[in-house]
Amino acid sequence: MAILKERIALTGNEAAALAMKQINPDVCAAYPITPATEIMQIFASYVADGLVDTELVAAESEHSAMSASIGSVASGARSMTATSSQGLALMWEMLYIAAGLRLPIVMPMVNRALSAPINIHCDHSDSMGARDSGWIQINSENAQEVYDNIIQAIRIAEHPDIQLPAMVTFDGFIISHAMEPVDTCDAEKIQKFIGPFKPMYSLLDVDHPITVGAIDLTDYYFEHRRALAEPTFKVLDVVEEVAADFEREFGRKYGIFELYKMDDAEVAIVVLGSTAGTAKVVIDELRESGVKAGMLKVRMYRPFPYKQVASVLSDMKAVAVLDRSDSLAGFGGPVFGDVRSALYDSAKRPIITNYIYGLGGRDITLAHIKSVYDDLLAIAKSGKAPANLFGYLGVRE
Amino acid sequence: MANLKELVKKEEKFAPGHRACAGCTFPIIIRQVLAATDTPVVCGAATGCMEVTTTIFPFTAWKTPFIHSAFENVAATISGAEAAYRSLKRQGKYEGEVRFIAFGGDGGTYDIGLQSLSGAMERGHRMVYVCYNNEAYMNTGVQRSSATPLGADTTTSPAGKVKPGKLQSRKDLTEIMAAHHIPYVAQASPSHWNDLVTKAQKALAADGPAFLNVLMPCRLGWAFQPQFGIQMGRDAVNCCYWPLYEVENGKYKITYTPKEKAPVAEFLKKQTKFKHIFRPENEWIIEQLQAEVDSRWETLQKRAEMGC
Amino acid sequence: MAKLTEIRWHGRGGQGAKTAALLFGEAVLGQGKYMQAFPEYGPERMGAPVQSFNRISEEPITLHCHVTNPSIVVVLDPTLIGAVDITQGLPDDGIIIVNTEQPASKFRERLHLNGQSLFTVDASTIARETIGRDIPNTPMMGALVKATGLLDFKEMIVDTKSKLEKKFRSKPEVVEGNLKAIQRAYDEVKAG
């Protein structure tokens, strides 16, 4: 059952490039940006050595990289690209266009802080900025998940009921440049798992010409956007279906999120990305001293599994959402908003607080996470919400 | 050379009934370009007059496959389609010949689209970029572009009490494209259909990127009566304001020399957007424009003579 | 956590500190242990002080925070001593290994040690004599294994040999040179 090809030491970027190599897309149009650049460099060397069939387009900007990807998938070719931070921000309008045109582009997206100030290190402000674009967002904790998520993302994005673009996120430098053991799979099995690309339409079908990207006036735009919402409601079911298949073929289990010691937990944190791994160590220690601590690690951020999140968290006494990005002048960070909203209608619901942490690559330590649980335990004991529901963790005030 | 009798027999790949202005000359340009080949083509357009008037859902005037994605990136978008075609053909997943044509207005080409145009040309994709140049952002109400000539009155460079319209000269994008050293670059006008169709044929036959800068007289923005679109094109060519030339593998050739070079003022007088430059205090603009036209024409002739 | 070992490497940009951590990480994985290997990043400049890190454990490692308290420090460039606090976070029973041709006594004072063990090896000379270039990171692996006993040395040689043979198929002298470098450093590293 566990079809293991090889356990090798790979950084997150190497794992992403390897997954792309084994997927062997028809086209890859990309532009370099730290810390995602290596993905394209490694992939370019695969192209140069004839190890893939991919047509590599060295776009002159990220905006053009996404534009070319759109032209390519619209022409019936499986296409991938990769970027980060300012690059994602530069292609922002094209993200909405890719989703609006139902083009299943899969993109490794390395989380890096948005300027200003300019910073090359990790936070989630980039992918959070794209959360309304219609892109599926799958978050990875480590290099293994980067590899596995990219492979599954192809199946999810290209599913006939879905046909939406998907980004697979992972933390810049912390994961992208850190080497970890990764169990890789056989390329043939991956090809069989993803199958050939069956596009919904193609510009190259010259006998049946179509117009892609027409203008809608006030009489049609709303219906078209309403129609775009439909596939998003089906994504989570497809994610589970693909995960079940993935477990069968490759032996590793995935879900719409990961629950860590949540069965009898009383206090829990909600977190995305590599911080979840550090939190596991804290939780293990707390459990040893009898604290019923747990964690909900977000894997699917868009669509947000609000029903399932509510069902898991409603019995908690206190929950802290850790956001690695700020939503300036909003009510706390983005994930905080989603979680609170999900729980609003639950008959039983915990006190929910928010910590914005780790901006610009600021380290989040075991002590930081422990302090969050200390706060949660205090809230659970008193049953009272703190005066400030959201605050910043690990910054010099 | 194109044969008119043969051209008119061809099936039109662009349908009538679209929403372009009465007297608009870009539909003529599209039809002339598409008539230049029998090979299937995939077309793209940047946001602009052409895209907005020909693809209002649920209608489309395009009988060829067509894509529009955004304003500044038709070159990048079509380069992606071309890359897909190359990849699929190479892998044996697609059979058949297809050509790729990107249409962009001067706004989406000279200004915001310059980067993606330059990138696509530099990468060597086998595609033709046709700039339909009406010398301003016409779709959105006549705002200036870097293709707008000196002295033109536009909504963002209005002729007022203190400023006499646009104070900058127009960029020479055709020369910029020639400097990319791509196989084929040319200037054309719908008024000279044979010249345009021949150039489109050469562009489509080029084994690499090709660029056509086509003057597109605009009755709305230039302000003339709808029946004079083609005449305006002729006038522009005859005063050498819009020389018809080509650069084929680096070799310059003037493809049409007016029998008598008319003064630029005659061409400008026919357009309401230049009404104000005929006031005495603005005479310098006409002089400068004439000087510019003369100098560029002279340089062009020298280049053509030297063949470089 | 008790089973977790953390290592910090000090070098100057261009000396291969990052590669050292990655190479060692691969060797660790080759012996069936769990590992992490990662550099610290800033705007890159040749010659500037850089750090890289390893984590090693018998169990899967999920930690992703910085390494602040390594139990082992490896210094690839001795000019860093005094310029950078190479003992920061190192516990009293920590181990320091320095690439230098000078005896350990020269550094003991400058380092203000609190009982940490100090080892020295002239990795640069070994590298020059075996590989032909001053790349101390490969031989340092041998010194590191001898000083700490973290890995089975013989197994590591076998594993490194097969990896190098795959990478440098057409250059057997490179493989030979690197293996010699590791062996010599293993043999020549001295406690001081």
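Just so we're clear, the structure is a prediction, and the values are computed from it rather than from any experiment. (Residues numbered from 1 in each chain as written. Chains lettered and ligands numbered in written order. Predicted model: local features only at pLDDT ≥ 70, side-chain atom pairs only at ≥ 80, totals over all residues.)

Before going further, it helps to spend a moment on the overall build of chain A. If you tally the helices and strands in chain A, you get 13 helices and 17 strands. Whereas a compact globule of 397 residues would reach a radius of gyration of roughly 21 Å, chain A reaches 21 Å, a difference of no more than 12%. Across its three principal directions, the C-alpha atoms of chain A cover 70 × 55 × 45 Å. Expressed as a percentage of the 397 residues in chain A, the buried residues total 58%. Nonlocal contacts in chain A, meaning residues at least 24 apart in sequence, comprise 81% of its contacts between residues at least 6 apart. (Helix = DSSP H or I, 4+ residues; strand = E, 2+ residues; numbered from the N terminus. Rg over C-alpha atoms; globule rule 2.2 N^0.38 Å. Buried ≥ 20, exposed ≤ 12 C-beta atoms within 10 Å, placed from the backbone. Contact = placed C-beta atoms within 7 Å.)

With that settled, the discussion passes to the overall build of chain C. Counting its regular elements, chain C contains six helices and seven strands. Each helix and strand of chain C, placed in order from N terminus to C terminus, yields the pattern β-α-β-β-β-β-α-β-α-α-α-α-β. Taking all 192 residues of chain C together, 45% fall into the buried category. Within chain C, counting contacts between residues at least 6 apart in sequence, those at least 24 apart form 62% of the total.

What follows deals with the sheet that holds strand E8 (residues 251-256) of chain B. Two orientations exist for strands paired in a sheet by backbone hydrogen bonds: parallel and antiparallel. In space, the nine strands of this open sheet follow the order E10(A)-E2(B)-E1(B)-E3(B)-E4(B)-E6(B)-E5(B)-E7(B)-E8(B), with mixed pairing throughout. Since the sheet does not close on itself, it has two edges, and those belong to strand E10 (211-212) of chain A together with E8 of chain B, each with one partner. By the bridge criterion, two bridges tie E10(A) to strand E2 (residues 66-67) of chain B in an arrangement that is parallel. The residue bridging A:Thr211 from the neighbouring strand is B:Phe66, located in E2(B). (Pairing = 2+ DSSP bridges.)

All names here are of chain A. Per the domain assignment, the segments of chain A are domain 1 (6-195 + 214-250) and domain 2 (257-393). Opposite the 25 residues of domain 1 that make contact, domain 2 presents 20 residues. Elements with a contribution of two residues or more to the side of domain 1 that touches domain 2: helix H6 (125-129), strand E7 (136-139) and helix H9 (221-250). Partitioned by chemical class, the residues of the side of domain 1 that touches domain 2 number 12 nonpolar, nine polar and four charged. (Domains from an automatic or database assignment. Nonpolar A, V, L, I, M, F, W, Y, C, P; charged D, E, K, R; others polar.)

Turning to the interface of chain C and chain A, a few remarks are in order. Across the boundary between the two partners, chain C contributes 17 residues, which contact 18 residues of chain A. When the residues that make up the side of chain C that touches chain A are grouped by side-chain class, the tally is 11 nonpolar, five polar and one charged.

With two pairs of chains in contact, the largest contact count belongs to chains A and B. Looking at chain B next to chain C, you find no contact at all, with the nearest C-alpha pair sitting 27 Å apart.

Residues and elements named next belong to chain C. Neither face of strand E4 (residues 72-75) is exposed, since Ile72 and Val74 on one face and Val73 and Val75 on the opposite face are all buried. Two strands pair when backbone bridges link them, and strand E1 (residues 5-12) and E4 are joined in this way by four bridges, in the parallel orientation. When the bridges of E4 are listed, Arg8 appears paired with Val73. In this sheet, strand E5 (residues 95-99) lies alongside E4 in parallel orientation, the contact comprising four bridges. Residue pairing across strands places Ile72 opposite Ile95, the latter belonging to E5.

Moving on, we come to the interface of chain B and chain A. The partner chain A presents 39 residues to the 38 residues of chain B that form the contact. For the side of chain B that touches chain A, the secondary structure elements donating two or more residues are helix H3 (49-54), E2, helix H4 (74-90) and helix H6 (114-123) of chain B. Per-element tally for the side of chain B that touches chain A: the top contributor is H4(B), with 12 residues. When its residues are assigned to classes, the side of chain B that touches chain A shows 19 nonpolar, 15 polar and four charged.

Moving on: the sheet that holds strand E16 (residues 351-357) of chain A. Residue and element names in this part refer to chain A. Strand order in the open sheet formed by six strands is E11-E13-E12-E15-E16-E17, with mixed pairing between adjacent strands. Each edge of the open sheet carries a strand with a single partner, namely strand E11 (257-260) and strand E17 (390-393). Ignoring which end each strand starts from, the neighbouring axes of this sheet average 20 degrees apart. Across four bridges, the pairing between strand E12 (residues 267-272) and strand E15 (residues 318-323) is parallel. Looking across to E15, one finds that Ala268 is bridged to Val319. (Axes fitted to C-alpha atoms, helices over the stretch in contact; angles between N-to-C directions.)

Before going further, it helps to spend a moment on the environment of B:Ser87. By the element assignment, B:Ser87 lies in helix H4. In contact with B:Ser87, other than residues within four places in its own chain, are A:Asp26, A:Val27, A:Asp53, A:Thr54, A:Glu55 and A:Ala77.

Our focus in this paragraph is helix H3 (residues 62-73) of chain A. Taking 1.5 Å as the rise per residue, H3(A) with 12 residues should run 16 Å; its terminal C-alpha atoms sit 16 Å apart, in good agreement. Taken together, the buried positions of H3(A) are A:Glu62, A:His63, A:Ser64, A:Ala65, A:Met66, A:Ser67, A:Ala68, A:Ser69, A:Ile70, A:Gly71, A:Ser72 and A:Val73. (Expected span 1.5 Å × (residues − 1).)

So, about the confidence of the model for chain C. Atom-level detail of predicted coordinates should not be read off regions where pLDDT is low. All names here are of chain C. In this model, chain C carries a mean pLDDT of 91, and residues with pLDDT of at least 70 account for 97%. Averaged pLDDT values for the elements of chain C fall to 83 in helix H2 (residues 105-111) and rise to 97 in E4. Model confidence for the complex is summarised by a pTM of 0.93, with the ipTM given as 0.90. (pLDDT = per-residue confidence, 0-100.)

What follows deals with helix H6 (residues 172-188) of chain C. All names here are of chain C. Between its first and last C-alpha atoms H6 spans 24 Å; for 17 residues at 1.5 Å apiece the expected length is 24 Å, and the two agree. Those residues of H6 not exposed but buried are Gly177, Asn178, Ala181, Ile182, Arg184, Ala185 and Tyr186. Contacts made by the buried residues of H6 are with strand E6 (117-121), helix H3 (123-130), helix H4 (137-148) and helix H5 (153-167).

For the rest of this paragraph, the subject is the environment of A:Ile150. All names here are of chain A. Mapped onto the elements, Ile150 comes out in helix H7 (residues 143-158). Between the C-alpha atom of Ile150 and that of Met167, which follows or precedes it by 17 residues, the distance is 8.4 Å. Not counting residues up to four positions away in its chain, the partners in contact with Ile150 are Ala16, Ala19, Met20, Val106, Pro108 and Val168.

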